[in-house]
Every structure is written in structure tokens, then in C-alpha cells.
There are 2 protein chains.
Amino acid sequence: MGASDDATKLGYQVMKSLVEGGFPGRIFPVNPGRNEVWGLPAYAAVGEIPNKVDLAIMAVPARHVMRVLADCRTKRVPGALVITAGFKEIEDKSGGRLQEEIARFATDAGIAIIGPNTFGLLDVHGSLNASFTPELSRLEPGGIGFVSQSGGISHLVGFISMREHIGFSKVVGLGNRCNVEFSHLVDYLAEDPDTRVIALYIEGLDTPRTLIETCARLRGKKPVVVYKAGRSGASDKASQFHTGSLAGSYEIYRGAFRQARMLTVESAEELLDTAHVLATCPLPKGNAVAVLSGQAGLGMVASDVCAREGLALPPFSPLTRNRIEALLPPLSIRSNPVDLGPAWANPDAARGIVEAALEDTKVHSVILCMVYASVNRTAAHEMAKVIRNSARRKPVLTCFCAPPGLWEEDIAEVLESGGANFPTPDRAGRALGNLVRYSQIVNGKRIRRGRSRTSGNSPNGKKPAG
Amino acid sequence: MGASDDATKLGYQVMKSLVEGGFPGRIFPVNPGRNEVWGLPAYAAVGEIPNKVDLAIMAVPARHVMRVLADCRTKRVPGALVITAGFKEIEDKSGGRLQEEIARFATDAGIAIIGPNTFGLLDVHGSLNASFTPELSRLEPGGIGFVSQSGGISHLVGFISMREHIGFSKVVGLGNRCNVEFSHLVDYLAEDPDTRVIALYIEGLDTPRTLIETCARLRGKKPVVVYKAGRSGASDKASQFHTGSLAGSYEIYRGAFRQARMLTVESAEELLDTAHVLATCPLPKGNAVAVLSGQAGLGMVASDVCAREGLALPPFSPLTRNRIEALLPPLSIRSNPVDLGPAWANPDAARGIVEAALEDTKVHSVILCMVYASVNRTAAHEMAKVIRNSARRKPVLTCFCAPPGLWEEDIAEVLESGGANFPTPDRAGRALGNLVRYSQIVNGKRIRRGRSRTSGNSPNGKKPAG
């Protein structure tokens, strides 16, 4: 509804998303003034469509939504995506009243509404891009089901994921939440075979208890990771305007999330990274990590981050130590962390060292940092093989860095090998910390970070920074 | 020295870097077995080169370095870059002895040595890529002088900077530090007209006092930002192997850095971001920030980050408020943060709002977050104009997000307009926090972060995480 050939209209972008996104089902543009839109036969109203309609996508002005919804009831359309804005989020109280009216009508009619005031939704495996952003068709398929209260954050996370080749099952912009709430999506994604982990971006909730109870019922069946914004006074106020909900005290939310076995994170990037590692890696049996790196500096940084995350870098068993010493010349760090540097020119040695560390029973997971460029690019292929053989048994988190665009093929092979790749050692270490914390949550234990992440800069507000 | 046509040799990669990097000076390959290398006349020894030689680049085995250095003394070469490894960093004590011998000889001969055990150095404005990584020729020219004790971290930072179009003046890998130390480079970069900010990555120092005193003497003439690794036991031990220096207690370092007016950061990424904002933006007159965003979610997140960084989001003056209300319809957040969302379709309104916020005397800096895609890409051009007009007077930090590769042109225009762009609101907010902290350091004041960055996750080790 609102389909258009005029590029300045949202209804044009939505048609572009659907058509160019390669949706394999039928698309019926609805526009009373046109016979054809985007080269497809157009209909004056949803009632005139000869086929059964599964989803009504609305990009019409707010004042028309109620009428179009009535048509949908007559046509027995089970679901509607209302992209249109101008409801509960506006200053004028008429917006809130209109939204209430629509919610009541839709609920009576048995129509589930995503929105209003949303950028849309995507079923990435199903090639459905029902959003006003055609570029989101470039999202890669994967195991993350992402439900977000903000279109901006959805786009931010989506664009980062494209750059880093992290895949999604579904991406849903909830908007103002008319009669479909976070809890409904969690229930749905918990049963969705494409979804391995549920990621939530929350600003404010009207009925937080429902979500908490829904997540608690999962009992670790699928991980739920949540990033909650609206912690400061200014952003809390902003939340009310944005999607009509007060953000509320973060501390109260955090305690409730923890009780429901939800994993909380501190930024959109950490939400993506944590969902990525949970969707990709098996759960580790403990917090002992082996840090291996092709360049000693990256290994040092990763070791620092692991310590901050409460992870342990145990010494290797005598057997592992012997295996590594047989492969590395006596001019490098052979304990934990291990500097693979001197094995650069010898992919077999590098492979043997990674395998030795992975097979050490004292090691629960591995972080492997490598910088690739002309001088050593051929070694990436061997490393992908090691990861492919090992990443099913223990988590292998890689930080493979390369000049942008240059070695995409080599890095892509690593990504496809089953490991989880991160652009910096910090992001890899933090993701592993969260993976370990989640395994503890599932097992009813708790671990804590060893030191504040910001121990260098006023960790508790007592020390002045700088 | 060690120049080669054999792609498996470091001396091949170095020649490739020099030649393809477009160095405008003369390059003399030295290789006793060849008449020509990389199509250039080759010399058997440095003594046979007819011209004056400014820099000897050594990619020969460790055992030859002493002999080659003697040739350099005879030839009166003032500086040497020793890429060769196998000195103080190796387990065998002969490495340390060889390095001491070389250091003594070079210092007696008046030869300044960068290295040994380094990836190299770059003068980006001068198109000199004297490193074993040809891809580093893609570094963009800019105001950051970066001195690093790790090749891996230099590459990591360099690759991120390429992706984000952040420019460097010089990049120097110090390696084992034979007779050129951090303090020498700080002295040099302090006088270098291309360098606006000095960024240091430090693992361990033999003579920390010298660096501290050197930086203290700058008295804020140029900002010095430092990321110090080697904080945990494991990484401290690794440091000793890596470049032959114990990392030492981080707390002692941090206190000394602070007294010398150096700004400390917590990751390689934060080092880059902080150097970027210091090289690009004027210093703010205070900690009051206006947060403007094209999508409310990004503004909320940025507001949270600003609060965490100890920044204030003051209410606007009545004049500013009136100006903004005249431009925005009554369906959006018009206080601070401001949601520009409804002004999407109206670049003039968006421009007017940003200008109003910038002209408010209560506002010391602006964070502007925008997601761009098909639906609004044309608005980026107008925004670049606003920033070009304003970014000289007050810091304007942008978080302009776009699908990778798609709108590079539009974003590039913003980058060239004088603002500092960051990929996430978190990185923008953290960079602004550091910019404000630096302005306080220069003015002899101190501000502190409002809350720990990890208030959600065991900020002081007391609360269990998860």
C-alpha cells in the first residue's frame, strides 16, 4: 500500500527493496492512481488482489492507515507491516489516540502489526526485504535473529555486519509496538530453525515483565543478548518521544535481565559481536584461553583484554609445550600467549602449534590473531583448514586483519571455516568473555570480569582521568 | 641492503613498497649477487653507490648487519632502518649481545638506527614507504604521527585507518630500539610541520623517565596520546620476549603519563580515534555537547555514551530552541538530543538546526549522527556544507553510517569538510570525551568520566557480571 514509481516516496524504496531483494513470492503493488508500479500490475485496494495476501506493507500517510487496515480485515490478511510514522511518537496527542484505535481494531480483527513507525523487517534466508532501505538486501544469511526498537541502530548494526560478513536470519524493526511486542518476536525466533541466537536492542518497554518471563521460559534453549539504551536522563527523555516509551531505570532492567538468563551488553557493536560468537561457536567448558598470534603485539593486547574479561591464560601441559617447542625456533614466545611470528614462512608449523593448543585439555578456547598482507598472505589458507577441523569442538575466535578489500578471498575462507572473526583483538576478547559468561549463565554459575574495562580511566569515578 | 627480485624475501617486499609507493627520491638496491633489482641498477655494497645516501634500509640476515653498518659509517650514511630480526628479542643471549654491539658501533659512528626487528617506517606526505608491507602505501596523508613498538599493532591501526579515511604524517615501527627511542621520535615529531598529534603504542620502556620528561617539556604544544599494553602478567612476560623490555606496572606508567600531560587510552582503536579527533578538531571550551541525529536511536546511544564520558547535554538557550522549533514539526525530539528525523526530506531545515545548535553559546561541541542510504543520500551533501562552515570554530564529530562501499563519495565529502567521522556513536562519544579531557589537561584542569564505561558489567569487580 503506497507503492510508487516516484523515487522520493517511501513506497518507491519499499518496492525497490522487495523487487531487487529477489523476493521469490508474489508482490502486489497497491496504488489507486496507477495501473502498474515497478513494472508490476497495481491494484486500487488490497480487496482487489485476486490471491491470498500474507503480509500487508503500508507506506501510506498515517490518516489512511485505519481505512487500509479495514480493507485488510475484509481480505483476511493475517499480518501488517506499518512503516508509516506519526503515531504515539509525536508530540500531538492525536498520534497516540490513532495508534490506540489501530491497535484495538487490529487485535479484534486478528491482524498482527509490526510497527507503526518502523523501517521494516527482513527474512534474510527467505530473500524478503520489506523495508525502505534497498541496501539491506545485502545482509548475509546467518544465525542471528535481531529485533530492534530503532531503525537507526538496525541500519548501523546491519552496515557493520555487511563489512564484517556476519549473517542474520531475521531483522525486525518493532517501531512503536502496536500489538506485536518484543516477547512475541522472542517466542517466534525461539522456534525459528534459521535463528541460533536472539539479539535485542531495547529503548523502553511498556510491559517489561512479559519479555522477562518469555526469556526466562527459554531456560537457555536459545541465547538472548540484549543491549538496552536510554540510561542517562537525556536519552530517557528522548526515548519517550522516539517510540512512546519511557526508558526506565537501567539498573532495574539489568537485574531482571540477569534473572531471565539474558546476556546484557554495552553497545550496538558488542551486541553484534556477542550474537556473532554465540551463533558461530560451541560453548566453552571453562574460562581458560590460549592466545596465539602471528605478531606479538596483537597477542599482548589480546592477553590484556582476556585478563580484563576475567578469562585465564593457563600454562600449557608439558605435552603441548613440547609440541610447540618442536615447531618454533628458540627466538619467540612459546608459553601462553604464543608468538607464531617465526612460523610465518612455515604454514605447517603454524598449523601444528594451533592444533597443539586446541588439543590441550587445559585450554577451553582459542584466540588467534593474524595480520595478513603481501608478505604472508598465502598462510591464511592453511589457517582456514585448521579452524575448519577444530572449531566444532572448541571456540576459535580469530582476529584476522588485512588491508581493506585486498585479501577478502582469504579472509572469507576463514569465515566460512566455522570460526568467528573480529576486526580487533579487543572485540575478539570481549566476545569470548561474553561467550564464557553465557555458558556460566546457562549452567547456573556466574563469573565476573577480573578488572573494569576502563581500569586505566577512572573505573569507579574516584580517580580523575587523563 | 638485501634488495631482491625473489618474492619470498623481505628485501623483495621492501623494494616493492619503495617503488610502488612512488618514492620521489633515488632508490639504490644493494645486493652483491645482482646487477639489477626491480629494474634498477644494483650495487654490491653501499660504498659503491655514487650518490650521497640518506637512509640505509637493511633486510639482510642478522649476522651481516654489523658488516653492512661498517660500510655505512665509511659512506657517512646518517641513518639506518634495520628491519632484520634476531637480536635482543630472541631467547638465545647472543641476540642481545649482537644488538649491544651494533648500538655501540652505530652511536660511535653517529648513525641513528630505527630497529632492529621492525616492519619499517613511512613518511606518508613524502610518499616514502620503507617497510616490508607494500599495502601500507595506501595510508592517507594526515596529521597523526604514530610511533609504535609493534608491527602488528601498526598494521592493525593502519588497516583500520584506510577503511575509515584517517590520515598519517609519519608511521614508525621502533622495534627493539637500538639507539633511537620513543623520546627521540617525540622530539622529532614535535617539530614536524606535517604532524598535529603524536600517537604512541608502548609495550615496555627501558628508560621511561626520558620519555616522560620529553613529553612534559612539550607542555601541550602538541598533544601526545599513548596506548600502553602489557598490563596483565601474561602480556608482561610476552613483552620481554617481543622487544626485550619488561612492560612494568601499568599504574606507575599511567600516573607518570598524566603528570607529563599525556593522554592515555585503552585500545589501539581508541588511540586512532583520539589522535584523529585531536588532529582534526579545535579544542572545545568546555564539556557541553549538543547531540543531533537523523535517527533517534543513534542520538539516544550517543547521549548515553556522552553521559558515561562525563560530558553534559545542556538544554538549549531560548533563542536556539525557537530556531529549532521553527524548523522541526511538532513530532520530534527538539531539546538536546535533537531528532532531525522529520527534517530528512528538507536539507535546509536540517542545516538550520545544526547551525542553531552550533551557534548556541552554551554548546561547546556537536555530535551529529546520520544513517545514509538510498532514502536520504542526497542530504549528505548539505550536511558537508554545514560542517565545512562550522568545524573550525567548534568541534563537530560525526557518525555518518552508510552501506560499505556504496556512498563513499558522499561520506568522503564530509570527511574533507573538516569534521571528524567515526563508525559508531560510541566511538564518536569516546573520542569527544578524550578531546575534552585533553583540553582540560592543557588548561591544568581535570575532568572525570561520570560513570564507568562498563557500569552495566561489574565496573569495580564487586558485582558479578552476566
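Details of the structure are given in the entry above.
Small disclaimer: the values here were computed from a predicted structure and weren't measured.

How each quantity is defined
Residues numbered from 1 in each chain as written. Chains lettered and ligands numbered in written order. Predicted model: local features only at pLDDT ≥ 70, side-chain atom pairs only at ≥ 80, totals over all residues. Heavy atoms only, no water. Helix = DSSP H or I, 4+ residues; strand = E, 2+ residues; numbered from the N terminus. Buried < 20%, exposed > 50% of the residue type's maximum accessible area, 1.4 Å probe, protein only. Contact = heavy atoms within 4.5 Å. Axes fitted to C-alpha atoms, helices over the stretch in contact; angles between N-to-C directions. Parallel < 35°, antiparallel > 145°, perpendicular 65-115°, else oblique. Left-handed = near helix turned anticlockwise from the far one by under 90°. Pairing = 2+ DSSP bridges. Salt bridge = Lys/Arg side-chain N within 4 Å of Asp/Glu carboxyl O. Nonpolar A, V, L, I, M, F, W, Y, C, P; charged D, E, K, R; others polar. Phe/Tyr/Trp six-rings, centres within 6.5 Å; stacked < 30°, edge-to-face > 60°. Lys NZ or Arg CZ within 6 Å of the ring centre and 35° of its normal.

K.L.:
Please provide a residue-by-residue account of the overall build of chain A, values included.
P.N.:
Looking only at helices and strands, one finds 15 helices and 17 strands in chain A. Counting all 466 residues of chain A, 65% fall into the buried class. Counting only contacts in chain A whose residues sit at least 6 apart along the sequence, the fraction spanning at least 24 positions is 72%.

K.L.:
Give a description of the packing of helix α10 (residues 296–308) of chain A against helix α15 (residues 425–442) of chain A that names residues and reports values.
P.N.:
All names here are of chain A. Look at α10 against α15: their axes get within 9 Å of each other, and the N-to-C directions meet at 30 degrees. Comparing the axis directions of α10 and α15 gives the class roughly parallel. Judged by the twist between their axes, the crossing of α10 over α15 is right-handed. On the side of α10, the interface is formed by Leu298, Val301, Ala302, Val305 and Arg308, while α15 contributes Pro425, Asp426, Gly429 and Arg430.

K.L.:
A description of the sheet that holds strand β4 (residues 79–82) of chain B should follow, citing residues and the corresponding values.
P.N.:
Residue and element names in this part refer to chain B. Within the open sheet, the three strands sit side by side as β3-β4-β5. Their pairing is parallel. Each having just a single partner strand, β3 (55–58) and β5 (112–114) make up the two edges of the open sheet. Neighbour-to-neighbour, the strand axes of this sheet turn through a mean angle of 20 degrees, independent of strand direction. Relative to β5, β4 runs parallel, the two sharing three bridges. Paired with Gly79 across the strands is Ala112, a residue of β5.

K.L.:
Lay out the pattern of salt bridges with the relevant residues and their values.
P.N.:
A full pass over the atoms with the stated rule returns 44 salt bridges over all chains. Here A:Asp194 makes a salt bridge to A:Lys170, at a shortest N to O gap of 3.9 Å. Placement of the pair is A:Asp194 in the loop between α5 (182–191) and β10 (197–202) and A:Lys170 in strand β9 (residues 167–173), with a sequence separation of 24 residues. Judged by its relative accessible area of 30%, A:Asp194 falls in the partly exposed class. The class of A:Lys170 is buried, set by a relative accessible area of 7%. The salt bridge involving B:Asp123 is made with B:Lys170; its shortest N-O contact spans 3.5 Å.

K.L.:
Give me the lowdown on the packing of α10(A) against helix α4 (residues 151–164) of chain B, citing residues and values where you can.
P.N.:
Two packed helices can be described by the angle between their axes and the distance between those axes. Relative orientation of the contacting elements α10(A) and α4(B) amounts to 80 degrees, with a least axis distance of 5 Å. Looking at the two axes, α10(A) sits roughly perpendicular to α4(B). Together, A:Gly297, A:Leu298 and A:Val301 of α10(A) and B:Gly152, B:Ile153 and B:Leu156 of α4(B) make up the contact between the two elements. Taken together, the residues of the contact of α10(A) with α4(B) break down into four nonpolar, two polar and no charged.

K.L.:
How would you summarise unusual backbone geometry if you had to cite specific residues and measurements?
P.N.:
Residue and element names in this part refer to chain A. Of the consecutive residues Gly115 and Pro116, the connecting peptide bond is found in the cis state with omega at 0 degrees. Of note, Pro116 is situated in the loop between β5 (112–114) and β6 (120–123). Of note in the backbone geometry, Ser127 takes a positive phi value of approximately 55 degrees without being a glycine. Within the secondary structure, Ser127 is located in the loop between β6 and β7 (128–131).

K.L.:
Residue-level account of the packing of aromatic side chains, with values.
P.N.:
Within this structure, the stated rule accounts for twelve aromatic pairs over all chains. Relative to A:Tyr227, the ring of A:Tyr201 has its centre 5.5 Å away and its plane inclined at 45 degrees; by these criteria the two rings are tilted. Residue A:Tyr201 is located in strand β10, and its partner A:Tyr227 is located in strand β11 (residues 224–228); the two are separated by 26 residues in the primary sequence. Take A:Tyr201 and A:Tyr227: they sit in the same class, and that class is buried. Taken together, a centroid distance of 5.9 Å and an interplanar angle of 70 degrees make the contact between B:Phe28 and B:Tyr43 edge-to-face. Taken together, the positions of B:Phe28 in the loop between α1 (10–20) and β1 (36–37) and B:Tyr43 in the loop between β2 (40–41) and β3 put the pair 15 residues apart, joining distant regions of the chain. By relative accessible area, which is 16% here, B:Tyr43 ends up buried. Above the ring of B:Tyr250, the side-chain terminus of B:Arg231 is found at 3.7 Å from the ring centroid.

K.L.:
Help me get a handle on the sheet that holds strand β15 (residues 365–371) of chain B, residues and values and all.
P.N.:
Residue and element names in this part refer to chain B. Strand order in the open sheet formed by five strands is β14-β13-β15-β16-β17, and the pairing between neighbours is parallel. The open sheet terminates on both sides in strands that have one partner only, identified here as β14 (338–339) and β17 (420–421). Against the sheet, helix α13 (residues 379–390) engages β15 and β16 (396–401), with an angle of about 165 degrees to β16.

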